[in-house]
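Given next are the chains, with one letter for each unit.
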Amino acid sequence: MRTRPLKVALLGCGVVGSEVARIMTTHADDLAARIGAPVELAGVAVRRPSKVREGIDPALITTDATALVKRGDIDVVVEVIGGIEPARTLITTAFEHGASVVSANKALLAQDGAALHAAAEANGRDLYYEAAVAGAIPLIRPLRESLAGDKVNRVLGIVNGTTNFILDKMDSTGAGYQEALDEATALGYAEADPTADVEGFDAAAKAAILAGIAFHTRVRLDDVYREGMTEVTAADFASAREMGCTIKLLAICERAGDGASVTARVHPAMIPLSHPLASVRGAYNAVFVESDASGQLMFYGPGAGGSPTASAVLGDLVAVCRNRLSGATGPGESAYAALPVSGMGEVVTRYHISLDVADKPGVLAQVATVFAEHGVSIDTVRQQGKDGEASLVVVTHRASDAALVGTVEALRKLDTVRGVASIMRVEGE
Ligand SMILES: NC(=O)C1=CN([C@@H]2O[C@H](COP(=O)(O)OP(=O)(O)OC[C@H]3O[C@@H](n4cnc5c(N)ncnc54)[C@H](O)[C@@H]3O)[C@@H](O)[C@H]2O)C=CC1
Ligand SMILES: N[C@@H](CC=O)C(=O)O
Ligand code: NA
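Residues numbered from 1 in each chain as written. Chains lettered and ligands numbered in written order. Predicted model: local features only at pLDDT ≥ 70, side-chain atom pairs only at ≥ 80, totals over all residues. Heavy atoms only, no water.

An unreviewed UniProt entry annotates the chain as Homoserine dehydrogenase originating from Streptomyces sp. NBC_00180. Of the comments in the UniProt record for the chain, the one headed Sequence similarities (unreviewed entry) reads "Belongs to the homoserine dehydrogenase family." If you open the UniProt record of the chain and go to Function (unreviewed entry), you find "Catalyzes the conversion of L-aspartate-beta-semialdehyde (L-Asa) to L-homoserine (L-Hse), the third step in the biosynthesis of threonine and methionine from aspartate." (UniProt positions renumbered as here; feature names shortened; annotations may be inferred.)

Structure representation (structure tokens):
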């Protein structure tokens, strides 16, 4: 074993960074044996130097992250600050000064992944980011490496722990949205600004990363259709239960138009209680990968939290250190397929539509005619009346999103339709 240690600079020492430092210290001997050389924490960049950080030598603490990545003797920079800047500049500077990078920063990778990969390649260094998608679950490495010989057609799953925690609490205990979000934040699951979680930006960033790797195509955050979960109500859960379903925030990346393009989307959806995703509780994540030769694979485990996320970071750290010792680099960006990314209109799925209508003869026929005129076939209709008004719940067969949007626009114009109470996609059947 080499005795000269590999030097690691840690950028950020919050929920994830503090766990990375802890595991590096407590597992130092095992890590050294697995890598073939000791790994040494050579510096820790923080924003608040006065904070007591148990187990970290105060002499390692600095507020000057730029100087740390420019030192020239750093082998690996671990970026767990989050956000776009200064993380982006620090990562690029790290490559320019000879370090490889391990990052958990999905927001940055979804926005600037191509440029970061190019910078890593130009400098002959590694960029690894297993922690960026689905926390502890090995998913990036299986897609980049284990499935590199197969053709992936679809990636579908729950990739945000915070929103799954909130939806699970709302469904199983009747907890309020804010109360559940506060708990998820206290447990270290939420982003620094939890809007990223609840409005679906975090899951959309993960969908962009997954779609890019799965389809060998550049997919950016802006290419991903996104709806958050803030408008999911107790009434939606009640409707879902009547259909034998629950509601999850799903990320779905799939080939479209006979495989000539790809789509990526994040939105709440009803899924049958019998589907394995329905039983994903708390901050757990689960992702199905469907490919030509392998069939369906399921990846499941803790999707958020300091220690699970640090597990993925440490796995990358070991891989990157091994690469450095052997003078190799791991797989870079693979975007050769360069498929176009289609808009939401091309997505084909089922819909659950709840309408407030006048409770009088002929309304059902009028509504059914609008669906038929737009080529959207109805599976079931349920009506509940109260005081001259009624609620009509229509579940469709598979239809394109474009056809559904046209249908809803036409429904809104009917005098007998007082309002469209909710529209939710139905997946997993
Ligand atoms: N918490 C989780 O469950 C997961 C987090 N991630 C990602 O890991 C990254 C870190 O997340 P957390 O640890 O949860 O966030 P956090 O907010 O707990 O930690 C980030 C730390 O970076 C520090 N920081 C900010 N700017 C800095 C600068 N210029 N120099 C030095 N330190 C600076 C902050 O003071 C904070 O302590 C983010 O990219 C996040 O999206 C990924 C997977 C799971
Ligand atoms: N805020 C994220 C953290 C992990 O990526 C989540 O809740 O999933
Ligand atoms: Na992961």
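Caption draft 1: Representation of the site of ligand 2 in the model. In the neighbourhood of ligand 2, the contacting residues comprise Lys106, Asn160, Gly161, Thr162, Tyr189, Ala190, Glu191, Asp197, Asp202, Lys206, Gly303 and Ala304. The side chain of asparagine 160 places a nitrogen or oxygen atom 3.5 Å from an oxygen atom of ligand 2. Between ligand 2 and glycine 161 there is a distance of 2.7 Å, counted from an oxygen atom to a backbone nitrogen or oxygen. Here ligand 2, which alone exposes 250 Å², has 94% of that area covered by the protein. Counting residues per element, the ones that place at least two in the shell around ligand 2 are α7 (161-173) and α10 (201-215). Here the residues of the shell around ligand 2 sort into three nonpolar, four polar and five charged. (Near = heavy atom within 4 Å. Polar contact = N/O pair within 3.5 Å; in protein donor to acceptor, adjacent residues only side chain to side chain. Areas by Shrake-Rupley, 256 points an atom, 1.4 Å probe, with all protein chains shown as cover. Helix = DSSP H or I, 4+ residues; strand = E, 2+ residues; numbered from the N terminus. Nonpolar A, V, L, I, M, F, W, Y, C, P; charged D, E, K, R; others polar.)

Caption draft 2: Main features of the environment of glycine 200. Inspection of the secondary structure puts glycine 200 in the loop between α9 (195-198) and α10. For glycine 200, a relative accessible area of 0% gives the class buried. The spacing of glycine 200 and tyrosine 300 is 100 residues in sequence and 20 Å in space, taken between C-alpha atoms. Not counting the four nearest positions on each side in its chain, glycine 200 is found in contact with Thr195, Arg226, Gly228 and Val266. (Buried < 20%, exposed > 50% of the residue type's maximum accessible area, 1.4 Å probe, protein only. Contact = heavy atoms within 4.5 Å.)

Caption draft 3: Here's a closer look at the UniProt feature "binding site: NADP(+)" (unreviewed entry) in the chain. With numbering aligned to this structure, UniProt lists the feature "binding site: NADP(+)" (unreviewed entry) at Leu11, Gly12, Cys13, Gly14, Val15, Val16, Gly17 and Ser18. Ignoring sequence-local partners within four residues, the contact set of cysteine 13 consists of Ser18, Val44, Ala45, Val46, Arg53 and Ile56. Following the sequence through the fold, serine 18 ends up in helix α1 (residues 15-26). Only 2.6 Å separates the side chain of serine 18 from the backbone oxygen of glycine 14, close enough to count as a polar contact.

Caption draft 4: Looking closely at the UniProt feature "active site" (unreviewed entry) in the chain. Residues annotated in UniProt with the feature "active site" (unreviewed entry) correspond here to Lys206. Note that lysine 206 resides in helix α10. Lysine 206 has contacts with Lys106, Ala132, Val133, Ala134, Val159 and Asn160, leaving out every residue within four places of it along the chain.

Caption draft 5: Representation of the pairing of strand β9 (residues 245-256) within the structure. Most of β9 is tucked away: eleven of the twelve residues are buried. With four bridges joining them, strand β7 (residues 152-158) and β9 adopt antiparallel strand pairing. Across the sheet, residue glycine 157 finds its bridge partner in β9, namely alanine 251. Bridge count for β9 against strand β10 (residues 261-272) is twelve bridges, and the pairing is antiparallel. (Pairing = 2+ DSSP bridges.)

Caption draft 6: Seen up close, the site of ligand 1. Lining the immediate surroundings of ligand 1 are 20 residues, of which Val15, Val16, Lys106, Glu191 and Gly305 lie closest. Between ligand 1 and valine 15 there is a distance of 2.9 Å, counted from an oxygen atom to a backbone nitrogen or oxygen. A distance of 3.3 Å is found between an oxygen atom of ligand 1 and a side-chain nitrogen or oxygen belonging to lysine 106. Here ligand 1 loses 85% of its free accessible area of 820 Å² to cover by the protein chains. Looking at the shell around ligand 1 residue by residue, the class counts come to ten nonpolar, seven polar and three charged.

Caption draft 7: Quick look at the nonpolar core. If you look at the biggest cluster of nonpolar residues, it comprises 73 residues, and the most contacted ones within it are Val77, Leu139, Leu143, Ile209, Leu210 and Val289. Among the elements that take part in this core, α10 stands out by supplying eleven residues, more than any other. Every residue in contact with leucine 210, bar those within four places of it in the chain, is listed here: Val133, Leu139, Ile140, Leu143, Val155, Val159 and Cys253. Among the nonpolar cores identified, the runner-up in size contains 33 residues, and Val76, Val78, Val313 and Val320 belong to it. (Core = buried A, V, L, I, M, F, W, Y, C linked by side-chain atoms within 4.5 Å.)

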